[in-house]
Structures are given as C-alpha cells and as structure tokens.
Amino acid sequence: MSTPNLFTPIKLGNLELANRIVMAPLTRGRADVREIPNALMQEYYTQRASAGLIISEATHISPQGRGWFGAPGIYSEAQIQAWQLITQAVHQKGGKFYLQLWHMGRASHPDFQPNGELPVSASAIAIRGEVSTPSGKKPHVAPRALEIAEIPQIVQDYVVAAKNAIAAGFDGVEIHGANGYLIDQFLRDGSNQRTDDYGGSIENRARFLLEVTGAVVDAIGGDRVALRLSPTNTYNDMSDRDPVATFTYAVEKLNAFGLAYLHILEALPGHPLAAEGTRVSPHLRKIFKGLYMLNGGYDQQTGEAAIANGEADLIAYGVPFIANPDLVERFRLGSALNPPDQSTFYTHGAEGYIDYPTLS
C-alpha cells in the first residue's frame with residue numbers, strides 16, 4: 001500500500017518528525033503503587049520509538065489529580081528520575097516523546113484522594129456508573145465543586161508538572177483536555193453548571209482550559225505544548241448541547257498560544273466511541289492555525305486519506321500501537337498487523353505489553 005503522506009517528515013514545534021504516524025496516549029496501568037515508572041515501561045516505549053512522535057500515557061500532575069491504579073505521576077522527584085531513564089532510552093532509539101498531563105477531576109474516587117477526600121470538578125455532578133479503585137469497582141461519587149480561590153493552585157500544578165516533564169527529558173507536553181477529565185468537565189455544559197466566572201457562557205466554561213494552557217505555555221514555551229480535546233466523546237458521562245459552538249470558541253482562542261499541535265479525538269463512524277450528529281473536527285480544522293492531529297479508529301488507508309485530503313497533518317494511532325511495536329515498519333511494508341489482546345490492556349505485567357511479535 002502506497003501511503004506517502006504518512007511517511008512525509010514534518011516539523012513539529014522544535015522537533016523534526018521522521019513521519020506523521022503518532023503513538024496516541026494509552027493508559028496501560030503498569031506503574032508501581034507510588035506511580036513511579038519502571039523498566040517494563042521503558043521497554044514498552046523504546047519498542048515503539050519509530051513513531052514520528054510518542055505521546056505518553058496520561059500522567060497524573062498531582063496527588064489530587066490521581067484516579068487510575070497503575071498510572072504514573074510527574075509530581076515527585078522519584079517519578080522525574082524514573083521517567084528520565086525512559087526518555088533517554090527513547091531518544092537513544094531516535095524517538096520523539098511528549099508527556100500527557102492529566103488531572104482526572106470527578107473521574108477519580110476518594111480511595112485515590114489524599115485523606116480520602118472527595119474528588120473535585122467544575123460542579124458537584126457524579127458520573128453515572130462505576131470506577132475501578134485499588135479495592136475493586138465502586139460507584140462514582142458526587143465530586144466537590146472547586147471554589148474559585150482553589151483554581152489558581154491547580155493551574156500551578158499543571159505548570160509544575162510541565163516543568164517536571166522537561167526536567168525528565170520529554171520533548172514537550174500534551175495537556176489532556178479530553179475524555180471527561182477535569183479540563184473537559186469545565187468546558188462542556190453537561191458537567192459544568194456553575195454560575196460564576198467559570199460557568200454558564202462558553203467564554204466562562206473555556207476559561208479554565210485557556211488559563212491552564214496559557215500558564216503552561218508561559219512556563220516552557222508554546223513550541224513544546226500541545227492540547228488534546230474530544231468534542232463529541234461521551235466517555236465519562238460527558239455531553240454538550242452545542243459542541244460546534246463550544247469547541248469553535250475554544251480553538252479560536254487557542255491560536256494565540258502558538259501550540260506545537262492540536263490533537264482531536266473524534267472517532268470515525270463505526271468506531272465504539274463514534275457519536276451521532278455533526279462532526280466537529282472539520283470545523284476546528286478550518287479554524288486552528290497550527291498542526292492538526294486526528295485520532296479515533298484510523299487505519300493506514302484512512303490515515304493516509306485524511307492527510308492527503310487536508311483533514312489533518314498527523315494521525316494518532318492507539319490500539320494498533322499496543323499490538324504492533326513496529327507499526328511504522330508494518331505500514332511501510334504493507335504487512336499484516338498483530339491482533340490486540342484486550343484482556344491485557346489494563347493488567348499489570350509483561351503479557352500483552354512488551355511481548356507482541358515484531359517483523360524482525
């Protein structure tokens with residue numbers, strides 16, 4: 001299969017990417033109980049260094065931001081030092097590596113929180129359903145709505161985490177504003193019923209996103225900062241009455257920051273995360289002035305077509321990279337892909353993590 005666009009090099013911020021095949025952020029749950037990365041993770045990422053860019057699994061920015069057992073952090077010195085070993089190994093293989101900054105907000109649970117406190121969010125609205133905790137599945141709890149006076153500290157937590165990521169050797173950071181986590185909880189009206197400066201109008205609901213982005217850009221430079229959004233993803237009980245208007249406004253404002261790229265998760269029809277109604281990503285593509293990345297069910301052919309048609313500059317692949325460490329080479333040769341083993345996506349050992357076969 002000839003896919004020249006996927007293999008065309010591209011400049012991203014201060015980096016030269018060898019191709020436009022990006023490894024999407026993938027939570028895998030292999031860090032230790034202190035959220036410290038380990039040798040297993042080093043092997044996993046190094047195996048996939050041929051990606052034009054690797055985006056790390058979502059990484060907690062603070063103890064308050066926690067909420068997934070086995071996910072890593074970037075808020076302690078031990079975590080920074082452990083990540084350094086991984087970034088060095090990836091760079092030695094010629095890879096480029098961004099860290100994804102994560103605050104889970106209401107998707108967390110008191111079992112993860114300091115002193116068993118309630119998780120925080122834009123409003124005190126619980127996610128329907130259950131959450132996996134270290135002691136098993138439990139119902140989501142209603143979070144505590146953040147006070148305005150608390151918000152600057154969380155913005156600062158993002159800043160410190162971004163600086164820590166650079167100290168750990170990452171080439172940049174991707175702010176996680178998608179999939180129903182804290183930033184998304186402020187942005188979409190299904191989870192934000194505030195009546196103060198952070199709720200109500202689109203301008204107010206976008207305020208937290210823009211404050212975080214601006215502060216991180218000020219701290220490490222726009223050419224090392226990216227953002228992920230998911231306008232129509234319903235995961236974590238998310239909704240918005242007018243996603244075109246909400247996300248169009250946000251993206252127009254994001255142009256001021258000179259971001260390395262904007263990453264949009266909006267699944268293709270037929271994908272489990274695909275939503276009914278108007279696709280938002282084409283509207284955002286017209287507005288955003290920087291590099292544009294799409295994710296959500298793309299294969300080699302549809303990824304190539306999206307770039308060729310001007311729908312995106314880069315394509316992020318998730319599940320294909322789980323099962324195919326050498327995905328880039330398989331695409332290059334037109335080789336068959338390994339099937340993924342979903343039963344090992346969120347387990348804690350080597351099986352289904354670093355043992356998928358490669359061509360060579």
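Conventions and cut-offs
Residues numbered from 1 in each chain as written. Predicted model: local features only at pLDDT ≥ 70, side-chain atom pairs only at ≥ 80, totals over all residues. Heavy atoms only, no water. Helix = DSSP H or I, 4+ residues; strand = E, 2+ residues; numbered from the N terminus. Rg over C-alpha atoms; globule rule 2.2 N^0.38 Å. Buried < 20%, exposed > 50% of the residue type's maximum accessible area, 1.4 Å probe, protein only. Contact = heavy atoms within 4.5 Å. Areas by Shrake-Rupley, 256 points an atom, 1.4 Å probe, with all protein chains shown as cover. Lys, Arg positive; Asp, Glu negative; His and termini not counted. Charge placed at Lys NZ, Arg CZ, Asp CG, Glu CD. Salt bridge = Lys/Arg side-chain N within 4 Å of Asp/Glu carboxyl O. Pairing = 2+ DSSP bridges. Right-handed = clockwise from strand over helix to strand, strands pointing away.

Colleague: Would you mind going over the overall build of the protein with me for this structure?
Modeller: Counting its regular elements, the protein contains eleven helices and 14 strands. Taken over the C-alpha trace, the protein has a radius of gyration of 19 Å; the compact-globule value for 360 residues is 21 Å, and the two agree within 12%. By its C-alpha atoms, the protein is 55 × 45 × 35 Å across when sized along the principal axes. Here the protein, with 360 residues, has 57% of them falling under the buried criterion. A fraction of 71% describes how many contacts in the protein between residues 6 or more apart in sequence connect residues 24 or more apart. For the protein, the accessible surface area stands at approximately 13800 Å², while carbon and sulfur atoms represent 51% of it. Between the averaged position of the 29 positive side-chain charges in the protein and that of its 37 negative side-chain charges there is a distance of 2 Å.

Colleague: Looking at this structure, I do not really get the pattern of salt bridges. What am I missing?
Modeller: Side chains carrying opposite charge are able to pair once their charged atoms draw close together. Scanning all chains against the criterion turns up eleven salt bridges. Salt-bridge contacts for Arg332 lead to Glu329; the nearest nitrogen and oxygen are separated by 3.5 Å. Taken together, the residues Arg332 and Glu329, both in helix α11 (residues 327–333) and three residues apart, mark about one turn of the helix. Judged by relative accessible area, Arg332 falls into the partly exposed class, the value being 47%.

Colleague: Just checking my understanding: could you explain the pairing of strand β12 (residues 261–265) for this structure?
Modeller: Side chains on a regular strand alternate between the two faces of the sheet. The element β12 is extensively covered by neighbouring structure, given that five of its five residues are classed as buried. Every second residue of β12 is oriented toward a common face, with Tyr261, His263 and Leu265 on one face and Leu262 and Ile264 on the other, all of them buried. As judged from the four bridges shared by strand β11 (residues 225–229) and β12, these two strands associate in the parallel manner. Along β12, the bridge assignment pairs Arg228 with His263. Assessed by its sense of winding, the connection that carries the chain from β11 through helix α7 (residues 243–254) to β12 is right-handed. The pairing of β12 with strand β13 (residues 292–295) spans four bridges and is parallel. Of the residues in β13, the one forming a bridge with His263 is Met293. On the question of chirality, the crossover connecting β12 to the parallel β13 by way of helix α8 (residues 281–287) is right-handed.

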